[in-house]
Amino acid sequence: MMPTFLWTDIMIWSLFALIIVGIRQIASDAQKRKQWRKVFKSKTAMISVIILLFYFAIALVDSIHFKVEPSAENTTNKELISVLDMGLEHLILSVERTYSAPFALNEYSSSVVYDQSGNVQQVYLPLKNVATHINMDQSLVAYDVLTQTGWAFLIALIVMSFLILIHGYFRFKEIALRQSSSKVEGLPWSVAYITLFILIFIGTWFYLLSFDYHVLGTNKVGEDVLYQSLKSIRTGVLIGGLTTIVMLPLALVLGISAGYFKGWIDDVIQYLYTTLNSIPGVLLIAAAVLVMQSIMSTHADWFGSTEERADMRLLFLILILGMTSWTGLCRLLRAETLKISQIEYVTAAKAFGLNPFTIIRRHIMPNLVHLILIALVLDFSGLVLAEAVLSYVGVGVDPTMPSWGNMINQARLEMAREPMVWWSLLSAFIFMFVLVLAANLFADRVQWVLNPRSEK
Amino acid sequence: MFESTVLSVQNLVLNIGENRLIDDISFEIKPAEIFALVGESGSGKSLTSLAIMRLLPEVITVDSGNIVLHQQNLFELPEYQMQKVRGKQVAMIFQEPMTSLNPVMKVGDQVAEVLKLHLGLRNSTARDKVVSLFEEVGIPQAEERYDWYPHQLSGGQKQRVMIAMALACEPELLIADEPTTALDVTIQAQVLELLKSIRDKRGLSILFITHDMGVVYEMADTVAVMKQGKIIEQAEKQKFFNEASHPYTQKLLQDAVPKQILKPQLDSTKLLELNDLKVHFPIKKGLFQRTVGMVKAVDGVSLIIEKGQTLALVGESGSGKSTIGQAILKLVNTTDGKVSYANPDSEAINLTDLSERQMKPLRKKIQVIFQDPFSALNPRMTVSEIIREGMVSLKVGSQNRQDQDNRIDELLNQVGLEVDFKHRYPHEFSGGQRQRIGIARALAVEPELIICDEPTSALDVTVRAQVLELLESLQKQYQLSYLFITHDLSIIPAIAHKVAVMQNGKVVEQGTVEQIMHNPQHKYTQKLLSSAPELIRKVMFA
């Protein structure tokens, strides 16, 4: 097994490093620390952040890849496996024949079989990889699920109390150091504990049961939907997170230069983004993706494996999404910079003979931070949804790559089927909904705290 | 029944959370009376007016007290009746005519809307009524102006439209919240005159909210002084100005008119000379941004600033006085003319010829303080970062951090601030304190000339007096020269040695303070001086 780094792996880990650097910077500045404390004083923000971290953690675990040589031992039939895949190996291996409902013991559709006497019969075949420990006895399923739920609860409780103990130790140490001199209003830790407990409980519950059942059913080719949904997290987070990273420098540099230097620089940048804005985004993305697809199919030898090819396509999608989505933020930053550069403290800085770049760095950028942060978090959720739409249209990520968009795209046909197959769509929807909702609620709170004009 | 009061406020108490904002105030306004509510910013005078209109923000609660308009307790009215009271019985005009009018609606329609809403007039009758109202408030060519948009009107005319709107439904009480603060002196005088004549004609009561004692002296019949949510003194106008008893009132009156001791004229050397300075801005139009004309912001100005002295540059908004300051700092490009800065070693340097790099050594000699203390300081930098910036950029004094810290402490002491303030952010300070930080920032690079761009016009009078005093003592200590840009005539004798009066980009008259103030030659100067409130003229020319 050889550790391999896909392009998107490198990017997501750099994003992680960037966030760590950002947090360290905030921690070193007393005013910023106070502001962010205010963000987390809201219970909603606390819950949202924990959920976002949970998603991000899964995406990170899914972003450490190893190359596996095709051999007899390699049962997963994949060339690249991530750490998440290793943890969920049983899900990859427990492939059924076709659709099965959540917790079902038999297939969802009937098959034609010949019985011993040679008569044709319509039967619902039993699934291959479920409930072997209770000998596939339908009457025992409820009882078994209940006991496993109990176990999950117990495990979550133990893990949680362990975490609370560790955290409590640090908190009390801090309080003891601070003495009683300055009373700081506490953060809603109890809410954080409860959220974390629920998350751990749900996670453990799914994990324990996934050994014996298809908790969220299986899809058309019998793959586990839970596994698909979990793998999709990485795609969603990548598209949401990395696209913002691609567009941010463009928006920042162009927006601020247009607003600060004015004149012909402003004209050029304005023409650039008005032109870009007047081309429908989907059209541009579709065209770019088609071009790339034809390049990829003519140069198949450039890519070592299907995973690498899918990854390349994802990376390209991220780039093209970044290229088309910077205009909004750029416009916003240009307008704000125009306004700020008229304010007297900027005049004062000019009277001190500061050069334009120092003025931008010290006087303009810090006063734009709230706008940037708000735009970033809002764009994140917008982009996660955009991926779903694009994959649905067929110009999104590679069809072999697990993503919520692909799941929804497949569900298009499943919904029309009789009886309906609802679990794929529902799982994709819920996983995406929770992520986008958390990001939006968090953005609301950040906006409220960082915007100097909001009423406190 | 004969009514002797239009409005009575009885023991009003307003709270925000646990904090008391308005603390038990009572007053009565009689028919056709102008009742002036005076106080510095934050004294609660505007809150009182909002309470009368029942337009308080939700966080502020009425703790106790009543507001009675014609025996009708306003706090007991349901909201839909209160809506009839607003506009119909009580009308309001605000400080900022620019933001009180809807920019995308014709001004006439905005007034007509009120008439249609409250009086149910039809379109044509409403139009006639509006035109007659416009004529009443002195808008020329009223018929034509009906179809204009707010941006086509001047500030004074906008305020007249606001007054017309307020008068539209013939209210019994007009609340005027600092209606002239944003206007130039000549226009202020006209608007005040208008309000008075309307009062006389219509028998309207006016609650006049202001911080300006000069305006109070012109307008009021009765005066009440507010401080920290309390009315500390209330009296008839004559009695008030002659025998104010409360020490705070006395201080307000004293600071309202700065001391009028003329400065001795000193012989001094030239520091800066402007020679036929012109700053024109092109007006660009059309697809290809052709230059179709020029705005002559500064059109041939010659001035001399002497070492250790103050030149006051007086003029109304738009006269180009601030542009001169920016041209000296090379923040705008000059079209023509010379700005010569005296150089002890050789000939005077012409600033207009210098590149930004050549200008840099001179930047430490010329500094600037601004009008608005809230926008002059970067909200994301601490006080010490703000003051240090110039020292680092222009390499003034030791570049050692410790030495700079000591110097910052010293500067803060000098401008009358505490040393522990240096780690705080600007939003934690009051307007006056921020202005002091601005002064410390300018002083940090040891300048010879400071351009003061209306440094006191956003400050309360007591704070204004302190800031002027500080500027004067710094001038004595460091032989500083000031170019003092202002529209406020009353402070000129207190600060300036020489005065130049500007109108439409040109200096119409210049000379010593005595010449200009007591023997003005140019018609515009005379008009400016006669527009100053009587209270100030009384002292100035005593």
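Residues numbered from 1 in each chain as written. Chains lettered and ligands numbered in written order. Predicted model: local features only at pLDDT ≥ 70, side-chain atom pairs only at ≥ 80, totals over all residues.

Moving on, we get to the overall build of chain A. In terms of regular secondary structure, chain A is built from 16 helices and five strands. Along the first, second and third principal axes, the C-alpha atoms of chain A reach 100 × 65 × 40 Å. By the burial criterion, 35% of the 456 residues in chain A qualify as buried. Excluding contacts between residues fewer than 6 apart, the proportion of contacts in chain A whose partners are at least 24 apart in sequence is 71%. (Helix = DSSP H or I, 4+ residues; strand = E, 2+ residues; numbered from the N terminus. Buried ≥ 20, exposed ≤ 12 C-beta atoms within 10 Å, placed from the backbone. Contact = placed C-beta atoms within 7 Å.)

Our focus in this paragraph is the overall build of chain B. Across its full length, chain B carries 21 helices and 20 strands. Against the 2.2 N^0.38 benchmark of 24 Å for 542 residues, chain B shows a C-alpha radius of gyration of 26 Å, consistent with a compact globule. Residue burial in chain B is summarised as follows: out of 542 residues, 45% are buried. A separation of at least 24 residues holds for 69% of the contacts in chain B among residues at least 6 apart in sequence. (Rg over C-alpha atoms; globule rule 2.2 N^0.38 Å.)

This part takes up the packing of helix 11 (residues 306-340) of chain A against helix 14 (residues 369-393) of chain A. All names here are of chain A. Contact pair helix 11 / helix 14: the axes reach a minimum separation of 11 Å and the direction vectors enclose 155°. By the angle between their directions, the pair helix 11 and helix 14 is classed as roughly antiparallel. Judged by the sense of rotation from one axis to the other, the crossing of helix 11 with helix 14 is right-handed. On helix 14, the residues touching Leu321, Ser325, Leu329, Leu332, Leu333 and Glu336 of helix 11 are Leu371, Ala375, Asp379, Leu383 and Ala386. Residue classes in the contact of helix 11 with helix 14 are distributed as eight nonpolar, one polar and two charged. (Axes fitted to C-alpha atoms, helices over the stretch in contact; angles between N-to-C directions. Parallel < 35°, antiparallel > 145°, perpendicular 65-115°, else oblique. Left-handed = near helix turned anticlockwise from the far one by under 90°. Nonpolar A, V, L, I, M, F, W, Y, C, P; charged D, E, K, R; others polar.)

Frequently, the measure chosen for interface size is the accessible area removed from exposure when the parts meet. Listed as interface residues are 15 residues of chain A and, on the opposing side, 19 residues of chain B. The leading source of residues in the side of chain A that touches chain B is helix 12 (residues 344-351) of chain A, at seven residues.

All names here are of chain B. Pairing is mixed in the open sheet, where six strands are placed in the order 16-17-18-13-19-20. What marks the edges here is a single partner per strand, and that holds for strand 16 (366-369) and strand 20 (506-512). The average undirected angle you get between the axes of adjacent strands in this sheet is 20°. The strands touched by helix 20 (residues 523-531) within the sheet are strand 19 (498-503) and strand 20, with strand 19 carrying the most contacts at an inclination of about 100°. (Pairing = 2+ DSSP bridges.)

With that settled, the discussion passes to the pairing of strand 5 (residues 120-123) of chain A. All names here are of chain A. Where strand 4 (residues 111-114) and strand 5 come together, four bridges link them in antiparallel fashion. Residue pairing across strands places Ser111 opposite Val123, the latter belonging to strand 5. Hairpin remark: strand 4 followed by strand 5, antiparallel, with five residues in the connecting loop; positive phi at Gly118, about 90°.

Residues and elements named next belong to chain A. Running from N to C, helix 9 (residues 263-278) and helix 11 cross one another at 130°; their axes reach a closest spacing of 9 Å. Comparing their axes, helix 11 and helix 9 come out oblique. As for the relative orientation of helix 9 and helix 11, their crossing is left-handed in sense. Along the contact surface, helix 9 presents Tyr273, Leu276 and Asn277, while helix 11 presents Thr324, Thr327, Cys330 and Arg331.

This paragraph deals with the pairing of strand 20 of chain B. Residues and elements named next belong to chain B. Examined bridge by bridge, strand 19 and strand 20 share six bridges and lie antiparallel to one another. Bridge pairing in strand 20 places Val501 opposite Glu509. Linking two consecutive strands that pair antiparallel, namely strand 19 and strand 20, is a turn of two residues; a positive phi of about 45° is found at Asn504 within it.

Residue and element names in this part refer to chain B. The backbone of Asp24 sits at a positive phi, close to 55°, despite the residue not being glycine. Here Asp24 lies in strand 2 (residues 19-29). Phi at Gln479 is positive, roughly 55°, even though this residue is not glycine. Assignment of secondary structure puts Gln479 in the loop between helix 17 (461-478) and strand 18 (481-486).

With that settled, consider helix 15 (residues 404-416) of chain A. All names here are of chain A. Its 13 residues give helix 15 an end-to-end C-alpha distance of 19 Å, which sits within 8% of 18 Å, the value for a rise of 1.5 Å per residue. At Gln410, helix 15 is deflected by roughly 30°, the largest bend along its length. Those residues of helix 15 that fall on the buried side of the exposure criterion are Trp404, Gly405, Asn406, Met407, Gln410 and Ala411. Contacts made by the buried residues of helix 15 are with helix 8 (225-261), helix 14 and helix 16 (423-450). (Expected span 1.5 Å × (residues − 1). Bend = angle between axes of the 7 residues up to and from the residue.)

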